[in-house]
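In case you want the letters, here they are:
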Protein chains: 6
Amino acid sequence: MVNPNSNDEVTRGIDAALEPLRFAEGPQIACMTLAEGPFGVETQADVEAVTLPLARLMRETNDTDAFVIACYSDPGLHVCREATARPVFGIAECGVLTALSRGERFGVLAIKDRSIPRHLRYLRQMGLMDRLAGERALGLSVAETASGASTLERMTEVGTALRDTDGANTIVMGCAGMAAHRARLEERLGIPVIDPTQSAVAMALGAVALAP
Amino acid sequence: MVNPNSNDEVTRGIDAALEPLRFAEGPQIACMTLAEGPFGVETQADVEAVTLPLARLMRETNDTDAFVIACYSDPGLHVCREATARPVFGIAECGVLTALSRGERFGVLAIKDRSIPRHLRYLRQMGLMDRLAGERALGLSVAETASGASTLERMTEVGTALRDTDGANTIVMGCAGMAAHRARLEERLGIPVIDPTQSAVAMALGAVALAP
Amino acid sequence: MVNPNSNDEVTRGIDAALEPLRFAEGPQIACMTLAEGPFGVETQADVEAVTLPLARLMRETNDTDAFVIACYSDPGLHVCREATARPVFGIAECGVLTALSRGERFGVLAIKDRSIPRHLRYLRQMGLMDRLAGERALGLSVAETASGASTLERMTEVGTALRDTDGANTIVMGCAGMAAHRARLEERLGIPVIDPTQSAVAMALGAVALAP
Amino acid sequence: MVNPNSNDEVTRGIDAALEPLRFAEGPQIACMTLAEGPFGVETQADVEAVTLPLARLMRETNDTDAFVIACYSDPGLHVCREATARPVFGIAECGVLTALSRGERFGVLAIKDRSIPRHLRYLRQMGLMDRLAGERALGLSVAETASGASTLERMTEVGTALRDTDGANTIVMGCAGMAAHRARLEERLGIPVIDPTQSAVAMALGAVALAP
Amino acid sequence: MVNPNSNDEVTRGIDAALEPLRFAEGPQIACMTLAEGPFGVETQADVEAVTLPLARLMRETNDTDAFVIACYSDPGLHVCREATARPVFGIAECGVLTALSRGERFGVLAIKDRSIPRHLRYLRQMGLMDRLAGERALGLSVAETASGASTLERMTEVGTALRDTDGANTIVMGCAGMAAHRARLEERLGIPVIDPTQSAVAMALGAVALAP
Amino acid sequence: MVNPNSNDEVTRGIDAALEPLRFAEGPQIACMTLAEGPFGVETQADVEAVTLPLARLMRETNDTDAFVIACYSDPGLHVCREATARPVFGIAECGVLTALSRGERFGVLAIKDRSIPRHLRYLRQMGLMDRLAGERALGLSVAETASGASTLERMTEVGTALRDTDGANTIVMGCAGMAAHRARLEERLGIPVIDPTQSAVAMALGAVALAP
């Protein structure tokens, strides 16, 4: 799992969130920070800045059976797939696919409003709009989302709107750094809440375990 | 994992195919045959015959954290989800979702022509038609598919048409009983070949491991 | 016409609503109650409980030229079509198709909120989402809907929201038991209101009259 | 029923095809030829030439409960609906809607290749593309289609391609003048063949009978 | 450029709005009023009234390299394309296409509510619904829109709702007579505002300049 | 106009193809080669390599009113739009949009098979799949396409398949370097052939001329 932003704290948070997927004798799950990455991936320029470093990393990494790009914009997914014959997973794609296996329509919790057009564009690209209930933003920074005391309150409020106004039966957290809130948010909303990094690593785990 | 047909040999084949997903200290994966099921699920009547027995089974099973219905028509998926609060996965849904994480467009290898309209109807229901390259049938019985000597030849031939004529970048095997051929077919075609039962169990594994 | 729930009063209501379609020397229209059905079809389990009884009924009925399943979930439609060579109509499908012949976009009046995801799933399956304006629930029981004094008030209120907020140009009543309110609701809303059972029987009438 | 072309022989053919829908004490079904119409509606200019005459006819006709426009391009459908408060049906719309009630995917038998883009454009307008298997042309003139001795042979050939190559489970005859071949073509192909004028009049019959 | 309504003031307004597209030695841009047109095109009957006069005009005009129909319903577009081998552009089509080159999702400013179903039907026909954010009406007459003092206020108000409530990133003015407000509305809203007549003439200019 | 590959000959070819859009007193059209670009943009890595250089170029260029990215993958389109407030056009987007203004369904002439999945993904992203007739590859290199003697033969052959087998009514040339063949190909095929770079510059010309 590669965190394309250079914020090690986010990487450590993800690493902790993946603990339940580490099984004795199962595939090893290693988390790394992309040194070249910006501190946060918030703009399209941030997205573009990491595509080639990610591809290079994957081309040069020979002891890994599958890769996960841990940013909800799936930066560089296609160039990485071109760079290596091994499977590469993006957390946005896997988060949405996993949500589709858990409920009729999904809602997305974005961090900022300005990400929503980018996310919608990407959902259209994936051909996965038909079961979108809606996407709404928290209006917080990535840093606040990870650590802020009132983040869970805000997530509950926005998640409730996704569920009750938009008709979502499941929620995708639209950021790699929200995992710490997943279980409590799910409990409050009463519908499945998907952490996309966990989903992507779980799918990668399956791909690795099942490879010939 | 429940095999809704009553053919124990199919269940044993699935059980063997899931071996790579059994990790020390990981979730246990148990396979059972639905006693009430028909010998094969080939018609819509076969599908309907197993929906309520599956729901009853899930309602009455309290020591299981997630269920997988191992038939490519996902019989009873929604009634089972109503019957239990725990996650229920269908192999057709999970097979297609997994294929979407591995390539641009997917092809489906059906066993018989008459299943194709049913599968297309279900793909429309799931809102997952946009990346379908095509579906083609082997023209074999379920029994022949599982064991026939020439099955791999026929799968290669039809898979090649899906890849080269229809433009599929990944193949979903549209039956629970084809797992034994997966690795060799993937090798021959040079594109990912997805066994949907393996995919569904991998997704269930993630859901169980990540539950609060 | 088969009412898959075992509530004879609903069957009698439908029977009365079909009176205008009985013509001298025209096809006979008979209404029956499915003895094995639940008292109301409200859950997915209720839906599944009637699929095989309906198929058996149709397979064993030889003096009927076409069948109509009078429940807005179209339970068993495809297994019934497999069971008989004669045409089988579902009232949800026919109600929506008829609405499409009467206005630009249609709204659906559901009885309960929990039916809406099931209905949306089915609309997607039929490929008929493109002209859906919206679906809204009355929040009443089937029994209240059929007989309650204030039902028409509530239907008018919800129908008005479908028309004015969602942009519906025609309304489909999403239940077999609402026929008694159709004419008055249409008068109040000023746009076509479709009773799906009447629509399905009218389409069946055409199919029977026009068969070779 | 108004035939927008001025070919009385086509009108008489339609009139005969509607005989089974005339019931004692049922709604009367009258067929008329639009005097202002071209001899055949083959081009977009022919379509436009009849829209206002049709609207005028409907605005000035007070003793009719519903109208059917009997041309597979549904010329003037929306201006006619604006001109009268009574229901107006187009045969293309009703033919496709009826086909959707009879099979999973429909094929369309056009008369000429050049009509196909116009028909596809109209299917998109109606939001009814999702279940289209394909459209293929006979390559005959309207006159040949109605009367030519070898027409049935050609229809069988093209219908077989729609069924076997394109995967159609039902066929819509894309012209008002093909009714005489319907029953025999259905018998040869073994799947429902829909005459759209009959379908539209059947739907109109339902609308009239069920009006308050 | 043909204004299909017979209001010369609208034609003069369009003519002025096209001034920036007149280049020395560039293609000449001439604006004319369709003498046979109604004073405003507000109903479907108005649309139909101008289709054949437009086609005749184009068939009989030999000194023009491309045509633009300046009414947001694109009346007669397809019959005109049949009538001449030279390119014919409709302003609704070109306005939406141009909007798609300027932002993620577009909103449409209609003049009256009753035009919205017609516009949606046409967007579906063009296959261009996927990036529609929404359409909202000013509730003004064509005359008020062109000249009314408070029109810009009302356009700003409705444009703001399209931007903030519906998520539009660009606005298409859904009428040929709004050009005078374009620049100020764009300034107020801070997102591109498209005058469709200007867009269509710009596309026509390209087609003419680039013709062999 | 920026050619993101560093092949000056391609830039000169584009420059010549834009001659007809240069009007006395009209906007100036300047063509430049991106120095940092690869010699050809053929892979996803080539695409990613030019996104940030293009964005930097646009951010630092202050004397330009609009930009065109002249590569049929529209590399960096969204990051460039973020980098400058002035309009940025991609030739793939503009080529398809222009094709939609000229015919019912479009076909795309790709250079190589491996580009087709990338193009389809992008068409889905733009929400512009509904009128795609098909895409077929020439199987030539970019260099051969620009200069090869037999290129026109091959383009005619593939264009004929798009027109006659796939039903395309217009053709988009899926590469910036095919302009020299446009007029002759259009003459041979008898349907509009769109050079996307010309289309994009024409749309940019409109945007510049019409800016406030």
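Residues numbered from 1 in each chain as written. Chains lettered and ligands numbered in written order. Predicted model: local features only at pLDDT ≥ 70, side-chain atom pairs only at ≥ 80, totals over all residues.

Participant: Describe the overall build of chain A, naming the residues involved and giving the relevant values.
Facilitator: In terms of regular secondary structure, chain A is built from nine helices and eight strands. Taken over C-alpha atoms, the radius of gyration comes to 16 Å for chain A, in line with the 17 Å a tight globule of 212 residues would show. Seen through its C-alpha atoms, chain A measures out along the principal axes to roughly 45 × 35 × 35 Å. The buried share of chain A, taken over its 212 residues, is 61%. Counted over contacts in chain A with a minimum sequence separation of 6, partners at least 24 positions apart contribute 67%. (Helix = DSSP H or I, 4+ residues; strand = E, 2+ residues; numbered from the N terminus. Rg over C-alpha atoms; globule rule 2.2 N^0.38 Å. Buried ≥ 20, exposed ≤ 12 C-beta atoms within 10 Å, placed from the backbone. Contact = placed C-beta atoms within 7 Å.)

Participant: If you had to explain helix α9 (residues 196-210) of chain B to someone new, which residues and values would you point to?
Facilitator: Helix length check: α9(B), at 15 residues, gives a terminal C-alpha distance of 21 Å against a target of 21 Å (1.5 Å per residue), a fit within 8%. Extensive coverage of α9(B) is indicated by the burial of 14 of its 15 residues. (Expected span 1.5 Å × (residues − 1).)

Participant: Can you explain the domain arrangement of chain A? Please cite residues and give values.
Facilitator: All names here are of chain A. Partitioning chain A into domains gives domain 1 (2-90 + 198-210) and domain 2 (92-196). Just the C-alpha atoms count here: the centres of domain 1 and domain 2 sit 20 Å apart. Elements that contribute at least two residues to the side of domain 1 that touches domain 2 include exactly α1 (8-17), β4 (88-90) and α9 (196-210). Each residue belonging to the side of domain 1 that touches domain 2 can be placed in one class, and the counts come to nine nonpolar, eight polar and two charged. (Domains from an automatic or database assignment. Nonpolar A, V, L, I, M, F, W, Y, C, P; charged D, E, K, R; others polar.)

Participant: Just give me the short version of the confidence of the model for chain A, but keep the residues and values in it.
Facilitator: Averaged over all residues, the pLDDT of chain A is 94; the fraction at 70 or higher stands at 98%. Scored as a complex, the prediction yields pTM 0.96 and ipTM 0.95. (pLDDT = per-residue confidence, 0-100.)

Participant: Can you explain the relation of the copies chain A and chain B? Please cite residues and give values.
Facilitator: Between chain A and chain B, which share one sequence, the superposing operator has a rotation angle of 180° and an axial displacement of 0.0 Å; the RMSD is 0.0 Å. Expressed as an axis order, the relation between the two copies is that of a two-fold axis. (Least-squares fit on C-alpha atoms with pLDDT ≥ 70 in both.)

Participant: Tell me about the sheet that holds strand β6 (residues 132-137) of chain B, residues and numbers included.
Facilitator: Residues and elements named next belong to chain B. Pairing in this open sheet of four strands is parallel, and the strands run β6-β5-β7-β8 from one edge to the other. Taken across any chain shown, the strands that pair with only one partner, and hence form the sheet edges, are β6 and β8 (193-194). In the sheet, strand β5 (residues 106-110) pairs with strand β7 (residues 170-173) via four bridges, with the strands oriented parallel. Across the sheet, the residue bridging to Gly107 is Ile171, located in β7. The strands touched by helix α5 (residues 115-126) are β5 and β6; relative to β6, the strand with the most contacts, the crossing angle is about 155°. (Pairing = 2+ DSSP bridges. Axes fitted to C-alpha atoms, helices over the stretch in contact; angles between N-to-C directions.)

Participant: Give me the lowdown on the sheet that holds strand β6 (residues 132-137) of chain A, citing residues and values where you can.
Facilitator: Residue and element names in this part refer to chain A. Strand order in the open sheet formed by four strands is β6-β5-β7-β8, with parallel pairing between adjacent strands. Of all the strands in the sheet, the pair left with one neighbour each is β6 and β8 (193-194). Contacts between helix α4 (residues 91-100) and the sheet are confined to β5 (106-110), β7 (170-173) and β8, with β7 contributing the most and set at about 170° to the helix.

Participant: Any details on helix α7 (residues 151-164) of chain A? Residues and values, ideally.
Facilitator: Across its 14 residues, α7(A) extends 20 Å between first and last C-alpha, which sits within 8% of the 20 Å expected from 1.5 Å per residue. Summarising the contacts, the buried residues of α7(A) are in contact with β5, β6, β7 and α8 (182-189) of chain A.

Participant: With reference to specific residues and values, describe the interface of chain A and chain B.
Facilitator: In this complex, chain A contributes 29 residues to the contact, which on the side of chain B involves 29 residues. Among the elements of the structure, α4, α8 and α9 of chain A are those that each provide at least two residues to the side of chain A that touches chain B. For the side of chain A that touches chain B, the element with the most residues is α9(A), which contributes eight residues. Split into classes, the residues belonging to the side of chain A that touches chain B amount to 16 nonpolar, seven polar and six charged.

Participant: Tell me about the pairing of strand β5 (residues 106-110) of chain E, and please be specific about residues and values.
Facilitator: Residues and elements named next belong to chain E. Of all the five residues making up β5, five are buried; the element is thus mostly covered by neighbouring parts of the structure. Of the two faces of β5, the one lined by Phe106, Val108 and Ala110 and the one lined by Gly107 and Leu109 are each fully buried. Here five bridges tie β5 to strand β6 (residues 132-137), and the two strands are oriented parallel to one another. Within β6, the residue paired with Phe106 across the bridge is Leu132. One crossover worth recording links β5 to the parallel β6 by way of helix α5 (residues 115-126), and it is right-handed. (Right-handed = clockwise from strand over helix to strand, strands pointing away.)

Participant: Please set out the nonpolar core residue by residue, giving values where relevant.
Facilitator: The nonpolar side chains of soluble globular proteins are, as a tendency, buried together. Among the nonpolar cores identified, the biggest contains 448 residues, and Ile69(A), Ile69(B), Ile69(C), Ile69(D), Ile69(E) and Ile69(F) are the most heavily contacted of them. Contacts of Ile69(A), omitting those with residues within four sequence positions, involve Val2(A), Pro4(A), Leu54(A), Asp74(A), Pro75(A), Gly76(A), Leu77(A), Cys80(A), Val88(A), Gly90(A) and Ile91(A). (Core = buried A, V, L, I, M, F, W, Y, C linked by C-beta atoms within 7 Å.)

Participant: Could you give me a rundown of the environment of Asp195(D), with the residues and numbers involved?
Facilitator: Residue and element names in this part refer to chain D. Note on placement: Asp195 falls in the loop between β8 (193-194) and α9 (196-210). Exposure remark for Asp195: the 29 C-beta atoms within 10 Å place this residue in the buried category. Once the C-alpha coordinates of Asp195 and Leu52 are considered, the two residues, 143 residues apart in sequence, prove to be 26 Å apart.

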